[in-house]
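# Structural characterization, general
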Amino acid sequence: MQLFFLFEQIVNGLVLAGYYLLIALGLSMIFSVGGIVNLAHGGFYALGAYLAVTLTPKLGFVPAVVASPLLIALLGILFERFILQRFYREDPILSLLVTFGLAMVAEQAIRMIWGASPLSQVLPSFLKGGVEIGPLLFSKYRLIMLGVVIALLASIWLLLNRTSFGRVIRAGIQNPDMVGALGIRLQPYMTTVVMIGVGLAAVGGALFSPITTVHPAMGSEILTIAFIVVIIGGLGSFWGVVLSAILVGVVRSVTVQYVPAAADASMYILMFLVLLLRPRGLLGERMVKFES
Amino acid sequence: MDIERKSGLSRRQVLKTGVGAGTMLAAGIAAPTILRAQEKPIVLGHLVPLTGFLGTLGQYAINGLKLAVDQISAAGGVNGRKIEIIAEDSINPETASAKAQRMIERDNVDVLIGEISSASALAIAEVATRNRKLFIATGPRSDVLRAERCSRYMFCTDIPNAVMVNAVGTALKQQGMVDGKRFFTITSDYVFGHDLLKAAKAFFAANNAELIGDELVPTEATDFSANILKIRQAQPDIVCLNLGGNQVTNFLKQYAEFGLSIPTVGFNLNTADAWAAGMGNFGGVWPTVWFDTIDTSGTQQFVADYKAAYSGEVPENHAWIEYIAGKILAQAFEAVGGTDNEAIIDYFESEVEFDILKNRPAYFRKFDHQLIQEAYSFSVKSEGTYTSVYDMLELGEVVPAPDVALESIYPADTGACKL
Amino acid sequence: MSSKTRTLLTGAIVLCLLPFVFQAIGLTATTATMVVILCIATLGLNVLMGYTGLISFGHAAWFGMGGYAAALLQKNFLPDQLILPVIGSMIIIAAMSAIVGWFILRRRGVYFALLTLAFTALVYTVSYRWTALTGGEDGLGGFTRGFIGPIDLANNFTYYAVVAVIGFGVLYALLRLVHSPFGTVLVAIRENQLRAEFQGYDVQRYKLIAFVISATVTGLAGALSGFLHYIVTAESTSIEFSGELMAMVVIGGMHAHILGPGVGVLFYILFRELFSITTSNWMFWFGLIFIAFVMYLPGVSSASARRSGAGSGRFRRKAPP
């Protein structure tokens, strides 16, 4: 029986990986490609959730969850054009500070637009409830979320590895000067990356809106854990984040089974250990920018 | 308002008036200044968190106090003096402390009021005590404010943890959901959760209930899937939640997501968090200090006034608590004929009663400065019988029952509070 | 007058005027004390960020632990004392930072910053939860400011004077430090670690000493802050507070001047105080001003110009004054 419980939590951890990936993927993209430590990531996540909640009565739940990230991605254009653009070649500390300010603006803007009290959002009944597969219980909604995450991962992987767009981006990560010397303007590529990045944050917010509290400070709830997932995975690595999300999910789930109170501490300790043993994270690549 | 006065003027008040009259006679020139000073507005220094996690509740709080003050001022004020509020975001305990100091030193506030966070309340209480300034702690529920860290200058208006457990426990007993049942508790791993758990364990032990699982969850936890699976493994009769703030909402939403059928109850849920959980997402019995359907003319009048003042918004328990705190202060100003804090404290300590829009009046208990009042439980109506979150909840029985002394549901004097 | 004397004189004048200027604009001696305390904390942080070129997200941990240590020492062993608990707390922080530093200084750049971030998160989790030691959510209270000889520190102006004297002492000590050969080596490490290694310096040891000094000074500030508010809370070990400390240092211009962090602190605290007095939406306006500051202030971008190697003469300063 004990062994079964362990197995059950490991499986849950794999599903949970989808949850963590949704939080971390957008952050990781902007971090790896632009070298931007985006502390406003939580703000876009929260905005995604709020937009989804606002649109649900008008469009229905599923269309709202699709529409909200698209709108946030448009907001990402402004974010990139007016703020981030100046910081690609700068010390990461500056982008970190500027997004620190932006996170404050986002949180308070939500409070000014939607009010301070939390909003309610409910899963439509066809998505609610558990599915029993053998002796295991799954949440129907989380399995669907996992499917969405895998689809998103596949599209991003294809975009980065099978298109000319992706080749420019990957070259840009390693050597922006060379790309520039070839006469390619990185600018439009970066705009697209930022759009995808903040759009992904909003996908997370919209998808989580029925299973978490939608309140103005919700962005800061997920920010630390998102960073931990990205850091464990390693900067600049696509599969690193995936691997890290799985690891964090499983470790957390198993910790809850045996020492529930240490569930969050387990992630910090995991990160500490990984960084001491593998300084650049699990699959991180060496990037000069991050080491001086 | 049916306000029953237990005592008349306190001795200190009589002395004060005597001295005041003497001073006026002696210093004739100063007299006009003193008279003019009488017309100065009374200033309340208000601190609640308006940003961060507790910001969701802070806005209700300030709205409630503003409504009370507007009504008092519209009715001619207190002894002809209007009441003003200086309101700020308390941000964090250190800032709250510095701001309280500034309000006392620079803004000459007559009374400090507010707070939801226990840590900030303790920091403000420290400043208040040092400056001999009255502080009405409206929102915090931590037990230490009523025990080791109590102060002559601090009065608490919200109900402490033990009362919340008693309120829900009484309702559960009536429904036969305690005796011989197997409970599984999920508790936020910090002081508030631990206090609730302690009270809950005492209640289970006293009522022949079995505790088969007792899990702590970190306060930053946003995902409960692994905990929900453990509940399913343990198969208790009832899941009992001792979670703080919006963790309750998160848990309930995810519990509904997994579709487990084991009933839940809980010892803490702010009405705002219940509304945020959404329709059809939870059931069970929960405690509250006040609810907008309480059947008294006072409460109904307050709800109507509040909705009129804030474009139809339904008041939450934090709005009510600051509203009545404002009214209690006004009554005290009137009774002692001014804002002399020592006189007000003596007045409160005389255990004089206040109308707080419930069936029975309330009073501050002398030995720990806790506002002794009725508590309630509420439950969730069955699905399909309501159309919005605002009429989703059903008020339960009042605790204690009308013929039982109010203090019976409050913790007895342990001697921990030395005023 | 040498630049060193000028710096000290400026510091002394500002420290003398601060409480009176604050009174004049409607603030209090308590806020003035808080400003001086944060100046001490950021001076400490800047030893690492500005002079050694190591970005630390972890200084809230030292600040908070310094507060806890001093308060616990006074409560349990040294009733009604201020100086001894503060010194004791500095010793504890120095020892702890030596151990932690030895581990995390093996990483560089962003990775070092991220390790300090993880460390702060861990310290916050522990202090929020270890109720028996730290009071947990309620915070640690129940201590006094104590006495220095016959002087009772409960008066806010007296306490300001004590903190100001300590602050001046820290400024003097750090000024000596950065102008010493030791300080020159730190700047050399910041400018080019490899070259410093080739020159035969034990870079690792220098970095560790800088780390310990930096943490200890920040811990000292934390101890003073606890006595100022009569409470130490887990919030003071949070990542948010770390971020605020960093923001103050960067606004002050990092390498620009040893007093730079002081300017950052004044900006940060004054704007936040004045905005939050006037509007409940202070966070929105403060955030906007903050963004504008980072984007357009020349002092700020000079810090990055040096790091990215873009700036030549104008940004490349010799040793900061």
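Residues numbered from 1 in each chain as written. Chains lettered and ligands numbered in written order. Predicted model: local features only at pLDDT ≥ 70, side-chain atom pairs only at ≥ 80, totals over all residues.

## Let's talk about the overall build of chain B
From N to C terminus, chain B includes 13 helices and 15 strands. Relative to the compact-globule value of 22 Å for 419 residues, chain B shows a C-alpha radius of gyration of 22 Å, a close match. On the principal axes, the C-alpha backbone points of chain B span a range of 80 × 45 × 45 Å. Per-residue burial over chain B gives 60% buried out of 419 residues. Long-range pairs, those at least 24 residues apart, make up 70% of the contacts in chain B with a sequence separation of at least 6. (Helix = DSSP H or I, 4+ residues; strand = E, 2+ residues; numbered from the N terminus. Rg over C-alpha atoms; globule rule 2.2 N^0.38 Å. Buried ≥ 20, exposed ≤ 12 C-beta atoms within 10 Å, placed from the backbone. Contact = placed C-beta atoms within 7 Å.)

## What about the overall build of chain A?
Assigned secondary structure in chain A consists of eleven helices and two strands. The order of helices and strands in chain A, counted from the N terminus, is α-α-α-α-β-β-α-α-α-α-α-α-α. Against the compact-globule benchmark of 19 Å for 292 residues, chain A has a radius of gyration of 19 Å, which places it among compact chains. Its C-alpha atoms give chain A principal-axis dimensions of about 60 × 50 × 35 Å. Burial status across chain A gives 57% buried among its 292 residues. Counting only contacts in chain A whose residues sit at least 6 apart along the sequence, the fraction spanning at least 24 positions is 75%.

## Details of the sheet that holds strand S11 (residues 353–354) of chain B
Reading across from one edge, S11-S12-S13 (chain B) is the order of the three strands in this open sheet, with antiparallel pairing throughout. A single partner strand is all that each edge strand has here, and the edge strands are S11 and strand S13 (371–372) of chain B. (Pairing = 2+ DSSP bridges.)

## Regarding the interface of chain C and chain B
With 26 residues of chain C at the interface, the matching set in chain B holds 27 residues. Taken together, the elements giving at least two residues each to the side of chain C that touches chain B come down to helix H2 (29–52), helix H5 (109–129), helix H10 (203–229), helix H12 (260–278) and helix H13 (282–296) of chain C. The element that contributes the greatest number of residues to the side of chain C that touches chain B is H2 of chain C, accounting for three residues.

## Focus: the interface of chain A and chain B
Counting residues at the interface gives 39 residues for chain A and 42 residues for chain B. Listed by contribution, the elements that provide at least two residues to the side of chain A that touches chain B are helix H1 (2–34), strand S2 (136–139), helix H9 (218–233), helix H10 (238–258) and helix H11 (263–277) of chain A. Looking at which element gives the most residues to the side of chain A that touches chain B, the answer is H1 of chain A, with six residues. When its residues are assigned to classes, the side of chain A that touches chain B shows 20 nonpolar, 13 polar and six charged. (Nonpolar A, V, L, I, M, F, W, Y, C, P; charged D, E, K, R; others polar.)

## Describing the domain arrangement of chain B
Residue and element names in this part refer to chain B. As assigned here, chain B comprises domain 1 (2–159 + 295–372) and domain 2 (162–288 + 375–409). Relative to domain 2, the C-alpha centre of domain 1 lies at a distance of 31 Å. Tallying the contact residues gives 14 residues for domain 1 and 16 residues for domain 2. Sort the elements by how many residues they give to the side of domain 1 that touches domain 2 and helix H3 (residues 55–74) lands first, with three residues. (Domains from an automatic or database assignment.)

## Quick look at the nonpolar core
Side chains of nonpolar character tend, in soluble globular proteins, to be buried together. Ranked by internal contacts, the top residues of the largest apolar core, which has 351 residues, are Ala24 and Val229 of chain A together with Ile124 of chain B. It is H2 of chain C that provides the largest number of residues to this core, a total of 16 residues. Viewed by domain, this core spans two of them, domain 1 (2–159 + 295–372) and domain 2 (162–288 + 375–409) of chain B, each represented by three or more residues. Sequence-distant contacts of Ile124 of chain B, defined by excluding residues within four places in its chain, comprise Leu47, Ala96, Ser97, Ala100, Leu112, Glu115 and Phe135 of chain B. (Core = buried A, V, L, I, M, F, W, Y, C linked by C-beta atoms within 7 Å.)

## Focus on the sheet that holds strand S15 (residues 393–399) of chain B
All names here are of chain B. Taken together, three strands build an open sheet; the order of strands is S10-S14-S15 and the sheet is antiparallel. If you trace the sheet from one side to the other, it starts and ends with strand S10 (285–288) and S15, each paired once. Sheet twist, expressed as the mean angle between neighbouring strand axes with direction ignored, is 30 degrees. Here strand S14 (residues 375–380) runs beside S15; their pairing, made up of five bridges, is antiparallel. For Ser379, the partnering residue across the bridge sits in S15 and is Glu394. Of the strands in this sheet, S10, S14 and S15 touch helix H6 (residues 161–174), which is tilted by about 140 degrees from S10. (Axes fitted to C-alpha atoms, helices over the stretch in contact; angles between N-to-C directions.)

## Remarks on unusual backbone geometry
Residues other than glycine predominantly adopt negative phi, and peptide bonds predominantly adopt the trans conformation. A cis geometry characterises the amide bond from Val399 of chain B onward to Pro400 of chain B, with omega recorded as -5 degrees. Relative to the assigned elements, Pro400 of chain B resides in the segment after S15. For Asn108 of chain B, which is not glycine, the phi torsion reads 50 degrees and is therefore positive. For Asn108 of chain B, the location among the structural elements is in the loop between helix H4 (93–105) and strand S3 (111–114). Of note in the backbone geometry, Asp80 of chain C takes a positive phi value of approximately 60 degrees without being a glycine. One can find Asp80 of chain C in the loop between helix H3 (59–76) and helix H4 (83–104). With 12 C-beta atoms counted inside 10 Å, the residue Asp80 of chain C sits in the exposed group.

## Here we look at the UniProt feature "transmembrane region" (unreviewed entry) in chain A
Residues and elements named next belong to chain A. Here the UniProt feature "transmembrane region" (unreviewed entry) sits at residues 12–40, 60–80, 92–114, 141–160, 189–211, 223–251 and 258–277. Counted over residues 141–160, helix gives 100% and strand 0%. Its end C-alpha atoms are 29 Å apart. Along residues 223–251 one finds 86% helix and 0% strand; the C-alpha atoms at either end are 19 Å apart. (UniProt positions renumbered as here; feature names shortened; annotations may be inferred.)

## Regarding the confidence of the model for chain A
Caution is warranted with low-pLDDT regions, since their predicted coordinates should not be read in detail. Per-chain confidence: chain A averages 88 in pLDDT, with 97% of residues scoring 70 or above. Here helix H7 (residues 176–181) of chain A is the element of chain A with the lowest mean pLDDT, 77, and helix H2 (residues 41–59) of chain A is the one with the highest, 96. (pLDDT = per-residue confidence, 0-100.)

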